[in-house]
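Summary of the model geometry
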Amino acid sequence: MENFKKYIVLWLSQSISQLGSSMTAFSFILWIYEQTHSALSISIISFCNYVPYILTSIFAGTFVDNHRKKTVMLVSDCVAAIASLFALVFFMAGNLSVWHIYIINIIVGVSMAFQQPASSVAIAKIVPKDKLSNVSGMNSFSSNLVIAFSPMLAAVIFSIGGLPLILLFDLFSFAIAFFVLLFLIRIPERLTKENFKSPFTEILYGFHFLKTEKGILYSMLTMAVINFFSRLTYENILSPMILARSSENNLVLGIVNACMGVGGIMGGLLVSMRKESRKKANMIYVSAALSFLLGDLTMAVGRNVFFWSFAAFSASLPLPFIMAGQTLILYKKIPENIQGRVFAVRNVVQYSTIPFGILLGGYLSDYVFEPFMRSNSDIVSLLGKIVGIGTGSGMAVMFLCTGICGFVMSIFSLFCKEIQKLNDC
């Protein structure tokens, strides 16, 4: 119980740091848009973050397994903080450019590739086994709280003090998390360095482990497909669709985004308070199916802020259950000495589809679905009765497609025999 109390202190400090980082990321978007007025410039920000994160994750897991998790977390956080400090210095000197922000996002992506698997392994060492489900809910709660409120806080602070004030808050939040981890948190661990022939052998070890745990491998692969479908729409299509279908009403978009954050918060609270599920694999894919069914499909057919808000809430509410189910399975099935490698492999496999979903979603919206819904095809008339017509209807059709595809994929995964075996862990 004492360790769990210390974890709560760590969780609170890391959540504050996460808030600062999220506000900085949002403020970079605001600043770059002021400089370029280009949507492509904004998309490149996410791309510069995701791709280095995925590529570095291939090597980061081995490094995490063979080094102290606390040290890895501290160094990774310092690297990200130094990147923010450089942004502040360049801005104050009047030399900050858009390409500086891209480089900073690359650095942050690389540092997170080390920080996240180290943090995941550290949690299992600090928290009692019977509290892991609660911890997953707490993490989902704090993450979604940040998602819901960081844009509003960043917008307010940005209007008052501009980018420097937000960067100062980010550095202050980093200092809190750094000193809490350094002085108050002890992570018990035994380092057992294994003598492999080459670094690539260690990297491949995580993949070889998955060959013996086909249920986990299939779960990662199916979640990669599910992530792809979700990123086709929610990552970069939701905002322009809502604006297009609400006469560019920023208030409507704000309400929808807030409802999405509230749904995640509620889901995180429910996960943190409930007992550990006996059927973890079922919980993952039933939650995913509900998210696509009630979220994407309702978003597609919705014509006003009430439908869109319900869809956003329904899409995000099941997500903490997905995260909790998969995290518990990984902790129970993976030996401690290779958890870093397997968690890193998980990041590579599951998140590798996200950049492609982001880029493809924007392309399909601008060059395929929106022009198609302006044509005179008979199919357009039929789809118009379902999702409506006019600007944004093509993006609504995209939500319709991802809702159907994501739901079918979730149900298909649910009945996979190897994945069903994970319910017994």
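Look up a bit, the structure's there.
Described below are features of the structure shown in this document. Once a new chain begins, its residue numbering starts again from 1 and follows that chain's sequence as written. Under the rules for a predicted model, residues below a pLDDT of 70 receive no local features and side-chain atom pairs below 80 are neither given nor counted, while totals for whole chains, interfaces and linings still include all residues. By convention in this description, side-chain values take in all heavy atoms of the structure and omit both hydrogens and water.

**Here's the deal with the overall build of the protein**
Secondary structure elements are taken from DSSP: a helix is a run of H or I of four residues or more, a strand is a run of E of two residues or more, and numbering for both begins at the N terminus. Within the protein, the regular secondary structure consists of 17 helices and zero strands. Computation of the radius of gyration draws on C-alpha atoms alone. For the globule rule, the value is 2.2 Å times the number of residues to the power 0.38. Its C-alpha radius of gyration of 22 Å places the protein within 12% of the 22 Å reference for a compact globule of 425 residues. Principal-axis analysis of the C-alpha atoms places the extent of the protein at approximately 65 × 60 × 40 Å. Exposure classes here rest on a 1.4 Å probe applied to the protein chains alone. A residue is buried below 20% of its type maximum, exposed above 50%, and partly exposed in between. Counting all 425 residues of the protein, 52% fall into the buried class. Considering only intrachain contacts with a sequence separation of at least 6, the fraction spanning at least 24 residues in the protein is 86%. When charges are counted, Lys and Arg contribute as positive and Asp and Glu as negative, whereas His and the chain ends are disregarded. We put the charge of a Lys on NZ, of an Arg on CZ, of an Asp on CG and of a Glu on CD. The positive charge centre, built from 30 side chains, and the negative charge centre, built from 20, are 9 Å apart in the protein. Only heavy atoms enter the contact rule, under which two residues are in contact if any of them lie within 4.5 Å.

**Concerning the side chain of Ser393**
Its location among the elements puts Ser393 in helix α16 (residues 393-414). With near-sequence residues (within four places) excluded, Ser393 lies in contact with Arg245, Glu370, Met373, Val387 and Gly388.

**Structural notes on a nonpolar patch on the surface**
A surface patch of nonpolar side chains, amounting to about 490 Å² of accessible area, comprises Val9, Phe179, Leu182, Phe183 and Leu184. For the nonpolar patch, the element with the most residues is helix α5 (residues 132-184), which contributes four residues. By the element assignment, Leu184 lies in helix α5. Only residues whose relative accessible area exceeds 30% and that form no salt bridge enter a patch; like-charged residues are grouped when within 9 Å of one another, and nonpolar side chains (Val, Leu, Ile, Met, Phe, Trp, Tyr) when within 5 Å. Each accessible area is a Shrake-Rupley result for a 1.4 Å probe, and residues are judged covered by the shown protein chains and nothing else. The term salt bridge refers to a side-chain nitrogen of Lys or Arg lying within 4 Å of a carboxyl oxygen of Asp or Glu.

**Remarks on the packing of aromatic side chains**
Only centres within 6.5 Å qualify two rings of Phe, Tyr or Trp (six-membered ring in Trp) as a pair; their planes then separate them into stacked at under 30 degrees, edge-to-face at over 60, and tilted for everything else. For the structure on display, the rule yields seven aromatic pairs. Ring geometry for Tyr53 and Tyr351: centres 6.2 Å apart, planes at 35 degrees, overall tilted. Here the residue Tyr53 occupies a position in helix α2 (residues 39-65), and Tyr351 occupies one in helix α13 (residues 339-351), the gap between them amounting to 298 residues. Where Phe63 meets Phe114, the ring centres are 5.6 Å apart and the plane angle is 85 degrees; that geometry is what we call edge-to-face.

**Structural notes on helix α12 (residues 319-333)**
A helix is expected to reach a length of 1.5 Å times the quantity of its residues less one. Taking 1.5 Å per residue, 15 residues should reach 21 Å; α12 reaches 22 Å between its end C-alpha atoms and fits that length. The buried fraction of α12 amounts to eleven of the 15 residues, a majority that puts the element mostly inside the structure. Taken together, the buried positions of α12 are occupied by Pro320, Phe321, Ile322, Ala324, Gly325, Gln326, Thr327, Leu328, Ile329, Leu330 and Tyr331.

**Considerations on helix α14 (residues 353-373)**
Throughout, bend refers to the angle between the axes fitted to the seven residues that end at a position and the seven residues that start at it. Its maximal kink placed at Ser365, α14 deviates by approximately 45 degrees. Those residues of α14 that fall on the buried side of the exposure criterion are Thr353, Ile354, Pro355, Gly357, Ile358, Gly361, Leu364, Ser365, Phe369, Glu370 and Met373.

**Description of the pattern of salt bridges**
For side chains bearing opposite charge, pairing can occur when the charged atoms are close. Using the criterion set out here, one finds two salt bridges in the structure. Among the salt bridges present, the one from Glu213 reaches Lys333, with a minimum N-O distance of 3.5 Å. Of the two residues, Glu213 sits in the loop between α6 (199-212) and α7 (214-233) while Lys333 sits in helix α12, which places them 120 residues apart along the sequence. Between Glu418 and Lys421 there is a salt bridge, with the nearest N and O atoms lying 3.4 Å from each other.

Keep in mind these numbers describe shape, not what the thing actually does.
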